[in-house]
Amino acid sequence: MLVPMKQRFDVLILGAGASGLMCAAELCCNSRLRIGVVEGNATAGRKLNISGGGKCNITNVAVSQEHFLGECSFVRRVLEQFTKEDLLCFLHDHAIALELRKSRYYFCKRAASDVSNLLLKRARGARFFYSCNIVSAVHESEGYRVHTDQGDFYARRLVIATGGESFKHLGASRIGLELAEGFGLQSRPFSPALVGLTLQKEQFWMKELSGTSCRVCIKVGARSMEEELLFAHKGISGPAVLSASLYWNKGDICIDFLPHKNLHVFLHSKKLLSTALPLSKRFMKTFLEHIGLQDKPCHRLHAAEIERLSQLKSYCFAPAGNFGFSKAEVSRGGIDTAQLHANSLMSTQHKNLYCIGEVVDVTGELGGYNLQWAWSSAVVCARQICQSS
Ligand SMILES: Cc1cc2nc3c(=O)[nH]c(=O)nc-3n(C[C@H](O)[C@H](O)[C@H](O)COP(=O)(O)OP(=O)(O)OC[C@H]3O[C@@H](n4cnc5c(N)ncnc54)[C@H](O)[C@@H]3O)c2cc1C
C-alpha cells in the first residue's frame, strides 16, 4: 500500500526498534507534536522482543561509560541524563516486573514484549507506517524529506533510529550509515560485535570440547572480562568471549583458564593432572594433548613441563575472525559522536537531525548495556525535542 502523498509530521522517527519506540513514546506523552514512525518490518520492536532469549536483559546494576566502546565523556553525559535508576522507576511505575540474574543483569520477568507493548501503548498518538522501507533522505528548506518504497514523508525534525547491521532477518540494515553519509556525517563502518570468535588451525583442539564451558578470564589489550567461555563447533563463544569480541580487532587475546587460582598450589598433589586441577577431565585431557604433556602425577612434573602447563594461566593466541553479522548481537561502529550534541543527540551540522540507539558509534558490553544506551539516547533526544518545540 502506498502512503498518500505529502505525509507531513513535526517529527519523523526512522525505525521502530528499542530506541525509536522509546523516543516515540516520550514524545507522545510529553508533547502535542505530530509524530510519524517508519518501520521496514510488519511489526515494531522485533529485535527487542527476541533479545535476551525473549526476556531482554534490559539494563545492568553497574551502568557507566567504562562498559562501552565509544567516546567516554559523550557516553557518560548521555547516560547521566536518563540513568538505569530512571529506567527502573519508569518500568516499576508501569508494572513491568524484572528479575535480577547473577546479581548483575536485569531481565524482564515475563517477556521482552511487555516492554515493546508498553512503549507502543504510550506511543499510540503516533502514526506508524509498517513494511515501509527507507531508501534515502534529504534536507529541504522546511525540514527533511524521506524517500521510502511506499512514497515520501516530510518532517521538520528527523530522528535516525535504524539500529545496526546484525540479524538482517529481523530487518537490520546499514541504511543509517547511508543516510548519515548523504548528510555529510562521518561514520565508522559497522562490524560484528558481541559475537563468537573463530579459530586458527593451532587452536582447533578447542573444537573437540564443543558443547562444554568453563569460567575464564579473557584479556584483550587493557581490558579483561571474567565470565563463562563456551566451546562451540565453529570456535569459542559464551559471555566472556562475546564481551571480549567488542574490544578485539586482530592480534592476540589471552585466556586464564584458572582465574583467581594459583596453578602451583595444585602441583604438590600426587593425583594425575587431569583430576588434580579444578577443570573438567575432558578439558584437561584435550589441553594436555594440545601442549604435548602426558597425564601424570602433578608432583612428578619437571620444570620445563610446569612451564608448558602454565599456559593454563595465560593461553595467548590470535583468533581467526568472528562468527559474522548473522550471529552478532550488535554492530560496532556507527555515526561519529563528535558530530552530535550530547544533550540532545542532534547533529552539530544539521539542525533538527537526530541519531539515537545502535546507529551511533557507541557499543556496550554484554549485560544490558546496549538496551540502556538505546533508552538513554532516545529519552535525551525526545526531551530536547519537547523542550525546543
Ligand atoms: C539476539 C540478540 C539478543 C540481544 N540481547 C540483548 C540484551 O539482552 N540486552 C541488550 O542490552 N541488548 C541486546 N541486544 C542488542 C539490542 O537488541 C540492540 O542494541 C537494540 O535493539 C538496538 O536498538 P535500536 O533501536 O538502536 O535498533 P533496533 O532495535 O535494531 O531497531 C532498528 C529498527 O530500524 C528498522 N530498519 C532498519 N533499516 C530499515 C530500513 N531500511 N527501512 C525501514 N526500517 C528499517 C529495523 O527493522 C528495526 O526495527 C541483542 C541483540 C540481538 C540480535
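Check the entry above for the structure.
Here we summarise the structure given alongside this text. (Residues numbered from 1 in each chain as written. Predicted model: local features only at pLDDT ≥ 70, side-chain atom pairs only at ≥ 80, totals over all residues. Heavy atoms only, no water.)

## Some remarks on the overall build of the protein chain
- The helix and strand tally for the protein chain stands at 12 helices and 21 strands.
- A principal-axis box enclosing the C-alpha atoms of the protein chain has dimensions of 80 × 40 × 40 Å.
- The buried share of the protein chain, reckoned over its 389 residues, is 56%.
- Partitioning the intrachain contacts of the protein chain with sequence separation of at least 6 by distance along the chain shows that 72% fall at a separation of at least 24.
- Per element, the accessible surface of the protein chain, about 17000 Å² overall, is 51% carbon and sulfur. (Helix = DSSP H or I, 4+ residues; strand = E, 2+ residues; numbered from the N terminus. Buried < 20%, exposed > 50% of the residue type's maximum accessible area, 1.4 Å probe, protein only. Contact = heavy atoms within 4.5 Å. Areas by Shrake-Rupley, 256 points an atom, 1.4 Å probe, with all protein chains shown as cover.)

## Points about unusual backbone geometry
- For C56, which is not glycine, the phi torsion reads 25 degrees and is therefore positive.
- Within the secondary structure layout, C56 lies in the loop between α2 (46-50) and β3 (57-60).
- Although it is not a glycine, F167 adopts a positive phi angle of roughly 65 degrees.
- With respect to the element layout, F167 can be found in the loop between β10 (151-160) and α6 (175-182).
- For F167, a relative accessible area of 21% gives the class partly exposed.

## Overview of the site of the ligand
- Taken together, 32 residues sit near the ligand, with S19, E39, S173, E358 and L371 positioned nearest.
- Within the side chain of S51, one N or O atom sits 3.0 Å away from an oxygen atom of the ligand.
- At 3.4 Å, a backbone N or O of N370 approaches an oxygen atom of the ligand.
- Surface burial for the ligand is 94%, taken as the share of its 1000 Å² of free accessible area covered by protein chains.
- Elements supplying a minimum of two residues to the shell around the ligand: α1 (18-30), α2 and α12 (369-388).
- Per-element accounting of the shell around the ligand gives the leading share, 3 residues, to α12.
- Here the residues of the shell around the ligand are counted per class, giving 12 nonpolar, 16 polar and 4 charged. (Near = heavy atom within 4 Å. Polar contact = N/O pair within 3.5 Å; in protein donor to acceptor, adjacent residues only side chain to side chain. Nonpolar A, V, L, I, M, F, W, Y, C, P; charged D, E, K, R; others polar.)

## A closer look at the packing of α1 against α12
- Relative to each other, α1 and α12 sit at 30 degrees, their axes nearing to 8 Å. Classified by chirality, the crossing of α12 by α1 is right-handed. The residues of α12 that touch α1, namely those facing A18, S19, M22, C23, E26, L27 and N30, are L371, A374, W375, A378, V379, C381, A382, I385 and C386.
- Its residues placed into classes, the contact of α1 with α12 shows 13 nonpolar, 2 polar and 1 charged. (Axes fitted to C-alpha atoms, helices over the stretch in contact; angles between N-to-C directions. Left-handed = near helix turned anticlockwise from the far one by under 90°.)

## Overview of the layout of surface pockets
- Here the second largest pocket defines a volume of roughly 310 Å³.
- Considering the residues around the second largest pocket, the lining is formed by 17 residues, among which H67, R104, M225, E226 and E365 are closest to the centre.
- Listed by contribution, the elements that provide at least two residues to the lining of the second largest pocket are β14 (223-231) and α7 (239-247).
- Per element, the largest residue contribution to the lining of the second largest pocket is 5 residues, and it comes from β14.
- Among the residues forming the lining of the second largest pocket, the class breakdown is 6 nonpolar, 4 polar and 7 charged.
- Counting the residues that make up the lining of the second largest pocket, at least three belong to each of domain 1 (7-192 + 331-388) and domain 2 (197-322). (1 Å grid on protein atoms, 1.4 Å probe; cavity = no way out; pocket = protein on both sides within 12 Å on 5 of 7 lines; lining within 4 Å. Points joined across faces, edges and corners; volume = space filled by probe spheres on them. Domains from an automatic or database assignment.)

## Thoughts on the sheet that holds strand β16 (residues 253-256)
- Spatially, β17-β16-β13-β14-β15-β12-β18 is the arrangement adopted by the 7 strands of the open sheet, whose pairing is antiparallel. In this open sheet, the two strands that pair with only one neighbour each are β17 (315-317) and β18 (321-322).
- The sheet contact formed by strand β12 (residues 197-198) and strand β15 (residues 235-237) spans 2 bridges and is antiparallel. Note on β15: the bridge partner recorded for L197 is I236.
- Here α7 sits on the sheet and contacts β12, β13 (213-220), β14 and β15; the angle it forms with β14, its principal contact strand, is near 135 degrees. (Pairing = 2+ DSSP bridges.)

## Brief notes about the state of the cysteines
- Within the structure shown, the criterion is met by 1 disulfide.
- Disulfide partner of C254: C316, at an S-S distance of 2.0 Å. Judged by the sign of its S-S torsion, about 110 degrees, the bond between C254 and C316 is right-handed. Highlighted residues: C254 in strand β16 and C316 in strand β17, separated in sequence by 62 residues.
- Counting only cysteine sulfurs, C108 is the nearest neighbor of C56, a cysteine outside any disulfide, at a range of 3.7 Å.
- Take C56: its relative accessible area is 0%, and that puts it in the buried class.
- Of the cysteine sulfurs around C386, a residue in no disulfide, the closest is that of C23, at 8.5 Å. (Disulfide = S-S within 2.5 Å.)

## A look at the sheet that holds strand β6 (residues 105-108)
- Read from one edge of the open sheet, 3 strands run β3-β6-β5, paired in antiparallel fashion. If you trace the sheet from one side to the other, it starts and ends with β3 and β5 (98-101), each paired once. For this sheet, the mean angle separating the axes of adjacent strands, direction not counted, is 30 degrees.
- By the bridge criterion, 3 bridges tie β3 to β6 in an arrangement that is antiparallel.

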